[in-house]
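Working through the structure, step by step
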Amino acid sequence: MMVPQNLWSMATASAAGLWFASGTHASDCSTSSIKNLSIPHGQVLDLSATPVNDYNYQNSTLKFCNVTVTYTHPGLNDTIHVNVWLPSSNWNQRLQGAGGGGFSALDSVDVLEKAVAGGYAVVGTDAGHKLNSASSDSWSLDESGKVNMSLLKDFASVALNDAAVVAKDVTRDFYGHGPRHSYWNGCSTGGRQGLMLAQRYPTAYDGILANAPAINWPEFIVAEYWPQFVMNQMNTHPPPCVIDAITAAAVEACDGNDGVKDAVISEPSRCQFNASTTVNQKVNCSGQKVTITRNDALVVQKIWDGMRSTNGSSLWYGLEKGAPLSGGLAITTCSTPSNCTGAPFSISSDWIGQFILENPSADLTQMSHEQYQRIFEYSHKKYDPIIGTNNPDLSAFKQVGGKLVTWHGLADQLIFPKGTEKYYKEVESLDPSVRDFYRLFLAPGVQHCKGGDGAIPVDPLESLVNWVEKGIAPETLLGETEDGSRSRELCPYPLVSVYKGGNSRDKSSYTCEEASK
C-alpha cells in the first residue's frame, strides 16, 4: 500500500520522458498494427502506440512499444487508461499483469520496468482514477457528494479483467499471436486484485501471485484505524521510542522460541508476551529518559489484541507481535516525548471519511466506540459484495488449471496476516485439496511486501511460472534477508520452518514441519 509516482499524469507531460517515452518510430509499433480490441461492455476512446528505444533501467537500455488504450463503459461516466509495454525483442511469450497499492490500481512504473526487463509483455491500468495510493479524494465522491459506485466497481474488479482482455488483444496484434501464458503479480492491493481475478475472472491469468493481499477490505481497512482509536479513547499517544521499546521487548522475549536468536518471532501466535511487563521500564528517547506507563503498555496490548466491539468481543485481528507499530498503524508525531498526537494511516481514515460517512472533513478523533462499531458493520454490509474479495469458492479457477501463490510477512505493519490465514482456511474448508492449485507461505519477520529482519521470498514469480508451465508445485519458497546474511526456505501453510541444528544462517539447517501446539 505504498504511494506510487503519479504515472498517468505523465501522459500529458512529454517532457518527463518516462511514462510516454520518446523515440524513433518503429514500423511495427503503430496504431495501425492494433486492430482487434474488444473490451467487455466498453468503448475505445483513444489508442496510441509509441516506440521506446532508449529507456534506462538498472544500467541497461530497454526497448519496447508502449501502447495506451483509453476507454469507457457507456453510461457509467468513467474514463480508464490501460498501458501495455511490449518488448521489441526477446519476448518470453508471457504476459504479466501489474498490481497496485492502496487506492492505486497500479503501484509504480518500477513494476512495468522490471517485467519488460525480464522479457514479459506487461499491462497496467489506472481503473479510471488518478494513481494516488494514499487518497481517494480525486474520485471517491461524485458531484453530489455521494460515493461514486461506478469508479469503485472499476477499481474493485471490472477494470482488472478489462486490462487482461486488452493486453491479450494488443499482444496478439503486435506479435502475431497472444501470450502462451499469463501471470498476475501483485502485493497489498495487488494481492487483493489477484484474488479478485481468481474469484470472478478465472480465465484472465494462468498463474496469480497475490502477496500480503488486501482481502476483507471493508473490514480490515476500518480495523486499521483501531490503534488510533485506542490512543484517542485512552488519551494516550506514546512516542515512537516507547512503542518501539515495547515491540523490541516482545521480540526479545519470543525470539528464541524456535531455537534461533535472529530478531525474528517465527510463530507470533505462540508468543505469550504481555506488554504490561514493560511498565516502569526506562526508554532512551533521543537522549531523554522516558518511563513506560501503564497506559502506554495497554495501548500496545490492545493493538495486538485487535479491534473489539463495545462488549469486548473480537471484530477483527490485531497486528502480530514484532510488527513495527510506530511505522504503520500506531504512528504518533511528537514535539517532545511527552507531547504527542496521533497520525492515522491515511487509507483507513480516507475510507471511513469518504466511503462510509461521505464527509471528508469528519473529525474521527471524536468518534465514540458505538459509532466506530457501527462504521465497521456498515462497511461490511455495504461493500463486502463489491470489494471484499473473500469468496472462498475458487473451483472455476482450479477447473481451468489456474495456479495461485500467496506469501504474507508475519511482521506486516499494515495488513493483518491472520486475515489471509482466515481466507486460506475458508478455501480449504470448501476444497481439502486446495494445495493442488493454491499455496500460502507465511514469512516470519517480514514487513509489508518487503523489509524487516526476516527472510523475504527471493523470486516467487519464478516458482509460480514453474508450477504453471512445468507442473512443479512450490514445496518451499527460498527467502533471504535484505542484507543477504541469512536464508531460509519458507514453508507452505500450515507447515512452519523448524531449526534442526547447524549454521542458523543457512537454509539447510531448517525443515518444514507441523506447527507445535
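Residues numbered from 1 in each chain as written. Predicted model: local features only at pLDDT ≥ 70, side-chain atom pairs only at ≥ 80, totals over all residues. Heavy atoms only, no water.

**Examining the confidence of the model for the chain**
Confidence along the chain averages 93 in pLDDT terms, with 95% of residues attaining 70 or more. With pLDDT under 50 throughout, residues 1-27 is counted as low confidence; its partners more than four residues away or in other chains account for 74 contacts. (pLDDT = per-residue confidence, 0-100. Contact = heavy atoms within 4.5 Å.)

**A few points about the state of the cysteines**
The final tally for this structure, using the stated rule, is six disulfides. The partner cysteine of Cys187 in its disulfide is Cys449, sulfur to sulfur 2.0 Å. Across the S-S bond linking Cys187 and Cys449, the dihedral sits near -100 degrees, which makes this disulfide left-handed. Here the residue Cys187 occupies a position in strand S6 (residues 181-187), and Cys449 occupies one in the loop between strand S13 (438-443) and strand S14 (456-457), the gap between them amounting to 262 residues. Overall, Cys187 belongs to the buried group, its relative accessible area being 19%. For Cys449, a relative accessible area of 12% corresponds to the buried category. Across the disulfide from Cys334 sits Cys340; the S-S distance is 2.1 Å. Its S-S torsion of approximately 105 degrees makes the covalent link between Cys334 and Cys340 right-handed. What links to what in the chain: the bonded cysteines, counted in sequence order, pair as 1-2, 3-10, 4-7, 5-6, 8-9, 11-12. (Disulfide = S-S within 2.5 Å. Helix = DSSP H or I, 4+ residues; strand = E, 2+ residues; numbered from the N terminus. Buried < 20%, exposed > 50% of the residue type's maximum accessible area, 1.4 Å probe, protein only.)

**With respect to helix H12 (residues 460-470)**
Taken together, the buried positions of H12 are Pro460, Leu461, Leu464, Val465 and Trp467. In a view along the axis of H12, the buried residues occupy a sector of 160 degrees, so they form one face of it. Just past H12, the residue Gly471 takes up positive phi, approximately 75 degrees. (Arc of directions from axis to C-beta.)

**Here we look at the nonpolar core**
Ranked by size, the top nonpolar core spans 115 residues in total, and within it Trp351 and Tyr438 carry the most contacts. A per-element tally of this core places helix H2 (residues 149-175) first, with twelve residues. Counting the residues that make up this core, at least three belong to each of domain 1 (31-217 + 386-514) and domain 2 (219-383). Those residues in contact with Trp351 that lie beyond four places of it in its chain are Phe103, Leu152, Trp217, Pro218, Ile221, Val222, Ile356, Ser379, Tyr383 and Ile387. (Core = buried A, V, L, I, M, F, W, Y, C linked by side-chain atoms within 4.5 Å. Domains from an automatic or database assignment.)

**What about the pattern of salt bridges?**
Under the defined criterion, the tally for this structure stands at 13 salt bridges. Between Lys146 and Glu358 there is a salt bridge, with the nearest N and O atoms lying 3.5 Å from each other. In this pair, Lys146 sits in the loop between strand S5 (121-125) and H2 while Glu358 sits in the loop between helix H8 (346-356) and helix H9 (369-387), placing the two residues 212 residues apart along the sequence. On the accessibility criterion, Lys146 (47% relative accessible area) is partly exposed. Between Lys418 and Glu320 there is a salt bridge; the shortest N-O distance is 2.8 Å. Taken together, the residues Lys418 in helix H11 (residues 417-430) and Glu320 in the loop between helix H7 (294-305) and strand S10 (332-336) connect sequence positions 98 residues apart. Exposure remark for Lys418: the relative accessible area of 29% places this residue in the partly exposed category. (Salt bridge = Lys/Arg side-chain N within 4 Å of Asp/Glu carboxyl O.)

**Observations concerning empty space enclosed by the protein**
This model, assessed by the stated rule, comprises four cavities of 30 Å³ or more. The wall of the largest cavity is formed by 13 residues, among which Asp262, Val264, Gly454, Ala455 and Arg488 lie closest to the centre. Looking at the lining of the largest cavity element by element, the count peaks at three residues for strand S16 (residues 487-490). For the lining of the largest cavity, a count of residues per class yields five nonpolar, four polar and four charged. (1 Å grid on protein atoms, 1.4 Å probe; cavity = no way out; pocket = protein on both sides within 12 Å on 5 of 7 lines; lining within 4 Å. Points joined across faces, edges and corners; volume = space filled by probe spheres on them. Nonpolar A, V, L, I, M, F, W, Y, C, P; charged D, E, K, R; others polar.)

**Side note on the sheet that holds strand S15 (residues 477-480)**
Pairing is antiparallel in the open sheet, where three strands are placed in the order S14-S15-S16. Lying at the two open borders of the sheet, with one neighbouring strand each, are S14 and S16. In this sheet, S16 lies alongside S15 in antiparallel orientation, the contact comprising four bridges. Within the sheet, the bridge partner assigned to Glu480 lies in S16 and is Ser487. (Pairing = 2+ DSSP bridges.)

**Section: H7**
Under the 1.5 Å per step criterion, the end-to-end length of H7 is 16 Å for twelve residues, consistent within 8% with the ideal 16 Å. For H7, the complete set of buried residues consists of Asp296, Ala297, Val299, Val300, Gln301, Ile303 and Trp304. Of the surrounding secondary structure, the elements contacted by the buried residues of H7 are helix H5 (226-234), helix H6 (240-254) and strand S9 (288-291). Looking one or two residues beyond H7, the residue adopting positive phi is Gly306, at roughly 95 degrees. (Expected span 1.5 Å × (residues − 1).)

**Here we look at the domain arrangement of the chain**
The figure often quoted for interface size is the accessible area lost as the parts come together. Taken domain by domain, the chain consists of domain 1 (31-217 + 386-514) and domain 2 (219-383). Look at where the C-alpha atoms of domain 1 and domain 2 centre, and you get two points 29 Å apart. In total, domain 1 and domain 2 occlude about 3,500 Å² of area from one another, counting both sides; carbon and sulfur atoms represent 64% of this. Considering only the surface of domain 1 that becomes buried against domain 2, Trp217, Phe416 and Lys418 emerge as the three largest contributors, covering 21% of it. The shortest N-O distance in the salt bridge between Asp262 and Arg488 comes to 3.3 Å. Between the two partners, domain 1 and domain 2, sit twelve residue pairs in polar contact (both at pLDDT 80 or more). Taken together, the elements giving at least two residues each to the side of domain 1 that touches domain 2 come down to H2, H9, H11 and strand S17 (495-499). Of the residues forming the side of domain 1 that touches domain 2, the biggest block, four residues, is contributed by H11. Here the side of domain 1 that touches domain 2 is composed, by residue class, of 22 nonpolar, 14 polar and eight charged. (Buried area = accessible area lost by both parts, 1.4 Å probe. Polar contact = N/O pair within 3.5 Å; in protein donor to acceptor, adjacent residues only side chain to side chain.)

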